[in-house]
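Secondary and tertiary structure notes
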Amino acid sequence: PQMMYYGYCDYYPAVVVCKEQDFKALLRYNGNDTDIDLSEYSLLGEYLFADKGIKSVNLGDKITTIPNGCFFGCESLTKIEGGKNVEKVGEVAFWKVPAENVVFHEKLNSLAQTAFAYSGITTVEFLSPYAPSFDSPGYMYKDEIKHNEYYDKNRSIHFIIPKGASEKYDIGIW
């Protein structure tokens, strides 16, 4: 496939486009926009928006992975939309993000235990009747996750799951 590269920073291309496929990757971001629309991108770089002043993000429908640290330290991020095709959420993806709620659609199958560490996120809604797996050991009892002692030892995140799916989520150690 023919690839096109737009802009360089830190010796890596900032945007990669594959002309023969509907594929566009955002690997580096040096902007200061507060409202981010990622609907045209299929792939995001790790720590892409780390410590940026983002207030809202539209993940769009093409992204399948929210990589490690993607929104790390985005302490102004209060609105997260889209992401119906997200399959995986990486380590510390939403570290210190103050948004209180996030919704994951049917395709999510892998959630890093530390994805929401030190964030304001208190409610995670799953639209899938099947529980995602954790990349690292975690514990889930019906509607809450207990982080290991290194991360948020006194905080729980409540999960909202589809009606009738509790047997598929209630597996003790998740």
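Residues numbered from 1 in each chain as written. Predicted model: local features only at pLDDT ≥ 70, side-chain atom pairs only at ≥ 80, totals over all residues. Heavy atoms only, no water.

1. Considering the side chain of serine 119
Note on placement: serine 119 falls in the loop between strand 11 (110-111) and strand 12 (123-126). In terms of polar contacts, serine 119 uses its side chain to reach the backbone carbonyl oxygen of phenylalanine 116, at 2.7 Å. (Helix = DSSP H or I, 4+ residues; strand = E, 2+ residues; numbered from the N terminus. Polar contact = N/O pair within 3.5 Å; in protein donor to acceptor, adjacent residues only side chain to side chain.)

2. So, the environment of valine 103
If you trace the backbone, valine 103 turns up in strand 10 (residues 101-104). Along the sequence, valine 103 and isoleucine 80 sit 23 residues apart, while their C-alpha atoms lie 8.4 Å from each other. Not counting chain neighbours up to four residues away, the residues in contact with valine 103 comprise Glu125 and Leu127. (Contact = heavy atoms within 4.5 Å.)

3. Some points on the sheet that holds strand 4 (residues 35-37)
The 3 strands lie next to each other as 4-6-8, forming an open sheet whose pairing is parallel. Each having just a single partner strand, strand 4 and strand 8 (79-81) make up the two edges of the open sheet. Sheet twist, expressed as the mean angle between neighbouring strand axes with direction ignored, is 5°. Note: strand 4 against strand 6 (residues 56-58), 3 bridges, orientation parallel. The partner of aspartate 35 across the bridge, within strand 6, is serine 56. (Pairing = 2+ DSSP bridges. Axes fitted to C-alpha atoms, helices over the stretch in contact; angles between N-to-C directions.)

4. Observations regarding the nonpolar core
By size, the foremost hydrophobic cluster in this structure holds 34 residues, and its most contacted members are Leu38, Phe49, Phe71, Val89 and Phe94. The set of elements that each furnish at least two residues to this core consists of strand 10 and strand 12. If sequence neighbours within four positions are ignored, phenylalanine 49 has contacts with Leu26, Tyr29, Ile36, Leu38, Ile54, Cys70, Phe71, Phe72 and Cys74. (Core = buried A, V, L, I, M, F, W, Y, C linked by side-chain atoms within 4.5 Å. Buried < 20%, exposed > 50% of the residue type's maximum accessible area, 1.4 Å probe, protein only.)

5. Digging into the pairing of strand 10
Only one face of strand 10 is buried: it carries Val102 and Phe104, and the other face, with Asn101 and Val103, is open. Direction of pairing for strand 10 relative to strand 12: parallel, over a ladder of 4 bridges. Looking at the pairing, valine 103 lines up with glutamate 125 of strand 12.

6. Brief notes about the pattern of salt bridges
Tallying each qualifying case throughout the model produces 2 salt bridges. Here lysine 24 ties to glutamate 40 by a salt bridge, and the two come within 2.5 Å at their closest N and O atoms. Separated by 16 residues along the polypeptide, lysine 24 in strand 3 (residues 23-26) and glutamate 40 in the loop between strand 4 and strand 5 (43-44) bring together distant segments of the chain. For the salt bridge of lysine 79 with glutamate 81, the shortest nitrogen-to-oxygen distance reads 3.3 Å. The class for glutamate 81 is partly exposed, based on a relative accessible area of 37%. (Salt bridge = Lys/Arg side-chain N within 4 Å of Asp/Glu carboxyl O.)

7. Structural notes on unusual backbone geometry
Here the phi dihedral of tyrosine 47 falls at roughly 55°; this positive angle occurs in a residue that is not glycine. Judged by relative accessible area, which is 40%, tyrosine 47 ranks as partly exposed. Positive phi, close to 60°, is recorded for tyrosine 118, a residue that is not glycine. Within the secondary structure, tyrosine 118 sits in the loop between strand 11 and strand 12. Assessed through its relative accessible area of 38%, tyrosine 118 is described here as partly exposed.

8. Things to note about the side chain of serine 42
Looking at where serine 42 falls in the secondary structure, it is placed in the loop between strand 4 and strand 5. The contact partners of serine 42, leaving out residues within four places of it in the chain, are Asp22, Phe23, Lys24, Lys62, Ile63 and Thr64.

9. Some details on the packing of aromatic side chains
Scanning all chains against the criterion turns up 8 aromatic pairs. Taken together, a centroid distance of 6.2 Å and an interplanar angle of 40° make the contact between phenylalanine 104 and phenylalanine 116 tilted. Of this pair, phenylalanine 104 sits in strand 10 while phenylalanine 116 sits in the loop between strand 11 and strand 12, and the two are 12 residues apart along the sequence. Neither residue differs from the other here; phenylalanine 104 and phenylalanine 116 are each classed as buried. Through successive ring pairs, a cluster of aromatic residues spans Tyr29, Phe49, Phe71, Phe94, Phe104 and Phe116. (Phe/Tyr/Trp six-rings, centres within 6.5 Å; stacked < 30°, edge-to-face > 60°.)

Read these as geometric descriptors, not functional statements.
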